[in-house]
Amino acid sequence: MSTQQAAAPATDTRYLRRFMWLSVGAALATMAIKGGAALLTGSVGLLSDAMESMVNLAAALIGVWALGLAAKPADEGHPFGHGKAEYFSSLAEGSMILVAATLIIYTAVERLVHPRPVEGLGLGLLLATGASLINLAVSLVLRRAGRRHRSIALEADGKHLMTDVWTSVGVLVGIGLVALTHWQPLDPIVALLVGGNILFTGWGLLRRSGTLLLSSSLDAEDVARIRAVEADFAAREPVHFLASQTVQQGQLAVVHSFMCVPDDWTVGHARALAEQVKGAIAAQLRRSDVYVHVQSHSSHDVPEEPLPDKPVPPRR
């Protein structure tokens, strides 16, 4: 026998998508600002930074689509909903980051081979600093919203923007050093470092998204809360729990709890306690599908039937 805790109402899609539209606006603004600064100064570092803003824009647009798809309710073909659509957004973002990093490294190498002086540093640095502050503010908002709503699309985009902030800091340092030392190769050298940093970020996003697509379990903190609930019921009732199974399904936490009850309990008694257990577990999670599977102590204690020594021949 099993009983299910229905999922909490889906987070308002329009509310979450507002955060991603904020990222779209930030990408458009920073792309224009950094592009203008690159044209003004001729800095390949600022050019690489502007190219990454183009990746930010594409990733944010994909994120808007993914959040809309992820919020669709469960149906016959997708009984656990469409939450994993967010992981495809992260995969796409990681792939585009790798492409952008490759282009940045190519441009930097070309500038090392064919040097070009950096000019107009004062206004260029001012513009780049303003763009970085925009990305910093939006990144903090997205990361906070992503953690609160368990949205990997928002969290990944926020982390990407934060990486963009550190990238911009590196570029600004490189341009500043050129202004102080007048050694032009510093600009493309910093761009090479930027490209390497972006490669690392893209690989990290691809790896994490791939892991989640393989149905990873909930994080250790959530699992500990689930086990604490089970331990509390086991201390008050003559029941015990087998190892629970959990899956992170986009924003949805799926929990399978296995409760063993005395043989002389009625179905009604066991079901009533299972309802309490599932409610207590669901209260510990923001959005969840909780399944409490009930079986008797004796059925759990019966060993499994041994496998035959030889395979059974097929019927003719």
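Right above here is the structure, for reference.
This structure is a prediction, so every number in the text was calculated from the model and none was measured. (Residues numbered from 1 in each chain as written. Predicted model: local features only at pLDDT ≥ 70, side-chain atom pairs only at ≥ 80, totals over all residues. Heavy atoms only, no water.)

A separate point is a nonpolar patch on the surface. On the surface, Val109, Leu112, Val113, Trp183, Ile189 and Leu193 cluster together into a nonpolar patch covering about 550 Å² of accessible area. Secondary structure elements with two or more residues in the nonpolar patch: helix H3 (85-113) and helix H6 (186-213). Here the element with the most residues in the nonpolar patch is H3; it accounts for three residues. Looking at where Ile189 falls in the secondary structure, it is placed in helix H6. For Ile189, a relative accessible area of 32% puts it in the partly exposed group. (Patch = residues over 30% accessible without salt bridge, like charges linked within 9 Å, V, L, I, M, F, W, Y side chains within 5 Å. Areas by Shrake-Rupley, 256 points an atom, 1.4 Å probe, with all protein chains shown as cover. Salt bridge = Lys/Arg side-chain N within 4 Å of Asp/Glu carboxyl O. Helix = DSSP H or I, 4+ residues; strand = E, 2+ residues; numbered from the N terminus. Buried < 20%, exposed > 50% of the residue type's maximum accessible area, 1.4 Å probe, protein only.)

Our next topic: the packing of helix H7 (residues 220-236) against helix H8 (residues 267-282). For the pair H7 and H8, the least separation of the axes is 9 Å and the interaxial angle reads 150°. One element, H7, and the other, H8, form an angle in the roughly antiparallel class. Crossing of H7 over H8 shows right-handed handedness. Contacts between H7 and H8 involve Ile226, Val229 and Phe233 from the former and Leu273, Gln276, Val277, Ala280 and Ile281 from the latter. Of the residues assigned to the contact of H7 with H8, the class counts are seven nonpolar, one polar and no charged. (Axes fitted to C-alpha atoms, helices over the stretch in contact; angles between N-to-C directions. Parallel < 35°, antiparallel > 145°, perpendicular 65-115°, else oblique. Left-handed = near helix turned anticlockwise from the far one by under 90°. Contact = heavy atoms within 4.5 Å. Nonpolar A, V, L, I, M, F, W, Y, C, P; charged D, E, K, R; others polar.)

In this section: the pairing of strand E4 (residues 288-296). As paired strands, strand E3 (residues 252-261) and E4 are joined by nine bridges and run parallel to one another. The residue bridging Met259 from the neighbouring strand is Val294, located in E4. In this fold, E3 hands off to H8, which returns the chain to E4; that crossover is right-handed. (Pairing = 2+ DSSP bridges. Right-handed = clockwise from strand over helix to strand, strands pointing away.)

Here we come to the environment of Ser95. As for its placement among the helices and strands, Ser95 is situated in helix H3. Ser95 sits 108 residues away from Trp203 along the chain, and the two C-alpha atoms are 8.1 Å apart.

Looking now at the nonpolar core. Residues Met259, Val277 and Ile281 are the most contacted members of the largest nonpolar core, which totals 22 residues. Broken down by secondary-structure element, the contributors of at least two residues to this core are H7, E3, H8 and E4. The leading source of residues in this core is H8, at six residues. Leave out the neighbours within four places in its chain, and Met259 touches Val239, His240, Phe241, Ala270, Leu273, Ala274, Val277, Val292, His293, Val294 and Gln295. Counting residues in hydrophobic clusters, the runner-up holds 18 residues, among them Ile97, Ala156, Leu172 and Leu205. (Core = buried A, V, L, I, M, F, W, Y, C linked by side-chain atoms within 4.5 Å.)

Moving on, we get to the pattern of salt bridges. Scanning the entire structure with this criterion turns up five salt bridges. Among the salt bridges present, the one from Arg225 reaches Asp222, with a minimum N-O distance of 2.2 Å. Of the two residues, Arg225 and Asp222 both sit in helix H7, three residues apart, roughly one turn of that helix. The exposure class assigned to Arg225 is partly exposed, which follows from its relative accessible area of 25%. In this structure, Asp232 and Arg236 form a salt bridge, with 2.9 Å as the shortest nitrogen-oxygen distance. With Asp232 and Arg236 both in helix H7 and four residues apart, this pair spans about one turn of that helix. The network of salt bridges with common partners includes Glu221, Asp222 and Arg225.

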